[in-house]
Amino acid sequence: MKIRMKIRSKMLLSVVIIASMVFLLSIGYLTNKLKSISLKESSSLADAIAAENANMIKSTLTAEMGMARTMANSLADFREHPDVKRVEYTNQILKNVATQNPDFLSVWCIWELSSVDANWNKPYGRLSLTYFRENGKLIFTSERERLDGDLLTGSYYSLKTHKKEAVFDPYRYTYKGSNITILETSVCVPLLEGEKFAGVFGFDFSLSHHQVLINKIKPFDGSIAMLLSQNASIVAHSNEKLIGLTFDSIYPKENKLFEVTKNVNSGKKFSGTFTDSKTNIEYYATFASFAIEKSENPWTLALFVPTKVLMKEANAVSKTSFMVILVGLFVLIIVIWIIAFSITNPLVRTTQILGKLAQGNIDANSKLNVKSGDEIEDIANSVNTLIDGLAKTVNFANEIGKGNLNVSYTKLSDRDLLGEALLNMRKSIEQAKIQEDKRKIDDEKMNWATQGVAKFAEILRLNTDDMNEFSYQIISNLVKYVDANVGGLFLINNDNKNDIFFELASCYAYSRRKYLQKKINLGEGLVGRCAKEGETIYLTDIPKDYIHIVSGLGDEKPSSLLIVPLKLNDEVYGVVEIASFEIIEKYIIDFIEKIGESIAATVSNVKINVRTIKLLEESRIKSEELASQEEEMRQNMEELQATQEESARKSSETESLVNALNISSYVIEYDINGRVISVNDAYLDLTGQKAKEIIGTHHSDNLLMTEKQKHDYRNFWRDLKNGAIRKETNKVILSDKTYTFIETYSPIFNENHEVTKVLKIAHDIADFIIDKKESEI
């Protein structure tokens, strides 16, 4: 049966059906597109937040690695110290680091025995030196390990073979005197002698402070943040009960899906969407890996965000759009019912255009041209407005995709939800770009400071024996590195304890300074005040005629003046003064203050080196004078031997001479095979030994010889047996104490001019240094 309907009813039904489909398809397409864009933007924001927080954690670990590298660099010149001093020098550095960094659980250094003990020539064996805290006290341990061979596995063997910095995976440890188990890690830097592995320096620290940062990472409702080590152990987690567990034990399904353990171990950044099998919540997961300095141990910050939170705004827009569609359809039915007879012809064209729009085909040249002066014309104008609005929207989206965030866009009306969403999207992208630019600037400043620390660590290491050259290298390089114009370095002069002052050790690019002061007392002027108070002074209002800078533009007063004390353990060793035409920024001031401590430590060492060189030179001169005196004494002894007939008559003189020799010198007699046959009381008093402990021992016992001395030792006794006199300077180790003797060996002949024994007359070089110091006092 054929159903007959009026044309108005047919048109109404047709228009309603077509209009409904067009609206639904158009809004559906735009809504899905909006959801896709919103999800993409929100995911990018989550990625940016994860990367930003990962960089914050990276900066903390980088600073700790930089400190370990600085300490390792301070041990780089260990060959310049005697074997017995290397351990003492290492202990002092470890103690200083442990004292100045109470947050460190332990500070340690493991030396290859061959690097600190010249008598150990095996490729294995090591000396472990450690400072750790027990019940609030600093405890030191020293232990020789692996004397029978190295293990070919483990962390130490890996460091020894790869020779690269490392951050260990987290582990739990319980220290003596405490029932608390601490989750901690170790930062290690190898000590290299050229390409040869000499040992490793490192320290252990708690990972609890990373939990504080993880707790603060809450960018979205219901989000979960966690910090993973290289082996995917959970260092910190929003749920603190999961700390110390592995990722695959908590999320086995997700670990298999994203290969989390594999990707985290290789330092790969990745992301994806998954549904938690326990809570049935869908999450967007992003993993931001970061490398720690030069180590091959990347860590990863993971951020899980519920997708419904990311899609919250887009879902709200979809819901509103659906309501608008329903209202629009209802109004459309009423309007079409009233004017259906007048819209038949234009409706066909309108339907065609809307069909194209539903397919995403937006053509600005296909607008309706209706001049009926009624609602039909209004419909046509509305369609044309829709075409213009969608064309503008497409153009806006294309420009945003090209990175042009300055493109102009005007909403169609105050209720234009799509336009509002697009503008909000642009605003989000702009905020993300601003954050990225800020992060890049902060990274550049951090890299600048890190490179500066490394640069000045190298300068400090290379200039340790010439105070003038050391001072000039410091101030000239510092002025250039911070892009200042002039600078001066004032060092403390405390040679006279009653007259301590600071003197200008070196300056760079100075043309004129008020009164040209080279000597400044404590509290005198800005430099003296800085030295007395031990605090940094920064001025932008510089006193008149205090300092001027001469450049190609003339003689001008600087815009800023920075005066920084060089402090070590709250003791001021010097002051750095920097002047610049430009304002000195806060991060530059922080950098100068940071390296100030290293400069102060090196100043102290350089002064000690200069004094030591001076004392050694005086000791050498004294030794030559003693050698001359010993030669005269030997000649006297030969004359005594040649005139044995007169010795009976002069026995009292000879006895007095022998007594004087025994009092002023250390005398030992050897047989021609090198065995001790007698020793005087002065030598026994010096070493704290008894005669029976020495008589019968060989000359080479307890003698510390260089490789050259070992090679020449047989020739030494051959010359003595042939009647030659030998002079030597030898080191002897007795009861863990080292003595340095200037020795004269004289053969003793019988009446047939045959060598029957050897007489050694020795002097302790330490006596001359003590005598020298007492004479200066």
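So, how was this worked out
- Residues numbered from 1 in each chain as written.
- Predicted model: local features only at pLDDT ≥ 70, side-chain atom pairs only at ≥ 80, totals over all residues.
- Heavy atoms only, no water.
- Helix = DSSP H or I, 4+ residues; strand = E, 2+ residues; numbered from the N terminus.
- Buried < 20%, exposed > 50% of the residue type's maximum accessible area, 1.4 Å probe, protein only.
- Areas by Shrake-Rupley, 256 points an atom, 1.4 Å probe, with all protein chains shown as cover.
- Pairing = 2+ DSSP bridges.
- Phe/Tyr/Trp six-rings, centres within 6.5 Å; stacked < 30°, edge-to-face > 60°.
- Patch = residues over 30% accessible without salt bridge, like charges linked within 9 Å, V, L, I, M, F, W, Y side chains within 5 Å.
- Salt bridge = Lys/Arg side-chain N within 4 Å of Asp/Glu carboxyl O.
- Axes fitted to C-alpha atoms, helices over the stretch in contact; angles between N-to-C directions.
- Contact = heavy atoms within 4.5 Å.
- Parallel < 35°, antiparallel > 145°, perpendicular 65-115°, else oblique.
- Left-handed = near helix turned anticlockwise from the far one by under 90°.
- Nonpolar A, V, L, I, M, F, W, Y, C, P; charged D, E, K, R; others polar.
- Core = buried A, V, L, I, M, F, W, Y, C linked by side-chain atoms within 4.5 Å.
- Arc of directions from axis to C-beta.
- pLDDT = per-residue confidence, 0-100.
- Expected span 1.5 Å × (residues − 1).

**Brief notes about the overall build of the protein**
Across its full length, the protein holds 22 helices and 27 strands. Per-residue burial over the protein gives 41% buried out of 777 residues. For the protein, the exposed area adds up to about 43,300 Å²; of that, 52% sits on carbon and sulfur atoms.

**Quick word on the pairing of strand β22 (residues 666-671)**
Note: β22 against strand β27 (residues 755-764), six bridges, orientation antiparallel. Across the sheet, the residue bridging to E669 is L759, located in β27. Linking β22 to strand β23 (residues 676-679), which pair antiparallel, is a turn of four residues; within it G674 sits at a positive phi near 90°.

**Notes on the packing of aromatic side chains**
Across all of its chains, the model carries 28 aromatic pairs by this definition. Arranged with centres 6.1 Å apart and planes meeting at 50°, the rings of F203 and F205 form a pair that is tilted. Overall, the relative accessible area of 0% leaves F203 in the buried class. For F205, a relative accessible area of 2% translates into the label buried.

**Some words on a nonpolar patch on the surface**
Nonpolar side chains collect at one region of the surface, where V327, F330, V331, I334 and V335 lie side by side and expose about 440 Å² of accessible area between them. Residue position: V327 is located in helix α10 (residues 312-339).

**Concerning the sheet that holds strand β11 (residues 282-290)**
Spatial ordering of the open sheet is given by β9-β8-β12-β11-β10, a layout of five strands whose pairing is antiparallel. Edge positions in the open sheet fall to β9 (234-237) and β10 (270-275), since each of these has one partner strand only. Going from strand to strand, the sheet's axes swing by 20° on average, the running direction of each strand aside. The pairing of strand β8 (residues 224-228) with β9 spans three bridges and is classified as antiparallel. For M226, the partnering residue across the bridge sits in β9 and is H237. The strands that helix α5 (residues 208-216) touches are β8, β9 and β12 (299-306); relative to β9, the one it contacts most, it runs at about 45°.

**Considerations on the pairing of β10**
For a regular strand, the rule is simple: side chains alternate between the two faces of the sheet. Of the two faces of β10, only the one carrying F270, G272 and F274 is buried; S271, T273 and T275 on the other face are not. Sheet topology places β10 next to β11; six bridges connect them, and they run antiparallel. The partner of F270 across the bridge, within β11, is F287. Connecting β10 to the next strand, β11, in antiparallel fashion are six residues, including N280 with a positive phi near 60°.

**Here we look at unusual backbone geometry**
With a phi angle near 50°, E259 is a residue other than glycine that sits in the positive phi range. Mapping E259 onto the fold places it in the loop between α7 (252-258) and α8 (260-266). Judged by relative accessible area, E259 falls into the partly exposed class, the value being 42%.

**Details of the sheet that holds β27**
Strand order in the open sheet made by the six strands is β23-β22-β27-β26-β25-β24, with antiparallel pairing throughout. Two strands lie at the open edges of the sheet, namely β23 and β24 (703-704), each paired on one side alone. With nine bridges joining them, strand β26 (residues 737-749) and β27 adopt antiparallel strand pairing. Along β27, the bridge assignment pairs I748 with K757. Lying over the sheet, helix α21 (residues 707-721) contacts β22, β24, β25 (726-734), β26 and β27, oriented at roughly 125° with respect to β25.

**Re the packing of helix α13 (residues 417-462) against helix α14 (residues 467-481)**
Where α13 contacts α14, the axes come no closer than 10 Å and their chain directions differ by 165°. Considering the angle they form, α13 stands roughly antiparallel to α14. Viewed along their axes, α13 and α14 form a crossing whose handedness is right-handed. On α14, the residues that touch W448, Q451, G452, K455, F456, I459 and L460 of α13 are F470, Q473, I474, N477, L478 and Y481. Split by residue class, the contact of α13 with α14 holds eight nonpolar, four polar and one charged.

**Examining the pattern of salt bridges**
Per the counting criterion, the structure on display carries 20 salt bridges. When the shortest N-O distance is used, the salt bridge between D150 and K160 registers 2.7 Å. Separated by ten residues along the polypeptide, D150 in the loop between β3 (137-145) and α4 (155-162) and K160 in helix α4 bring together distant segments of the chain. Close ionic contact of K757 with E669 constitutes a salt bridge, the shortest N to O distance being 3.4 Å. With a gap of 88 residues between them, K757 in strand β27 and E669 in strand β22 connect regions that are remote in the sequence.

**Quick look at the nonpolar core**
Grouped together as the largest cluster of nonpolar side chains are 53 residues, with contacts concentrated most on W111, F201 and W299. In terms of residue count, helix α1 (residues 7-74) provides more of this core than any other element does, ten residues in total. Counting 33 residues, the second-largest nonpolar core is a separate cluster that includes L489, V564, I584 and I592.

**What to know about α5**
Along α5, the positions that sit buried rather than exposed are H210, Q211, L213 and I214. Take α5 and look down its axis: the buried residues cluster within an arc of 160°, on one side only.

**Some points on the environment of P123**
Mapped onto the fold, P123 is located in the loop between α3 (113-116) and β2 (126-134). Given the relative accessible area of 63%, P123 is considered exposed. Spatially, the C-alpha atom of P123 lies 8.5 Å from that of L113, the residues being ten residues apart in sequence. Those residues in contact with P123 that lie beyond four places of it in its chain are E112, D150 and K160.

**Looking at the confidence of the model for the protein**
Note that predicted coordinates carrying low pLDDT should not be read in detail. Looking at the protein, the pLDDT average stands at 80 and 88% of residues meet or exceed 70. Between residues 511-515, whose pLDDT stays under 50, and residues either more than four places distant or in other chains, the model counts eleven contacts.

**Considering α14**
Here α14 is 15 residues long and its end C-alpha atoms lie 21 Å apart, about the 21 Å a rise of 1.5 Å per residue gives. Every buried residue of α14 is listed here: M467, F470, S471, I474, I475, S476, N477, L478, V479 and Y481. The positive-phi residue at the C-terminal boundary of α14 is D483, with phi of around 60°.

**Things to note about the side chain of S746**
Mapped onto the elements, S746 comes out in strand β26. Sequence-distant contacts of S746, defined by excluding residues within four places in its chain, comprise R634, I725, K757, V758 and L759.

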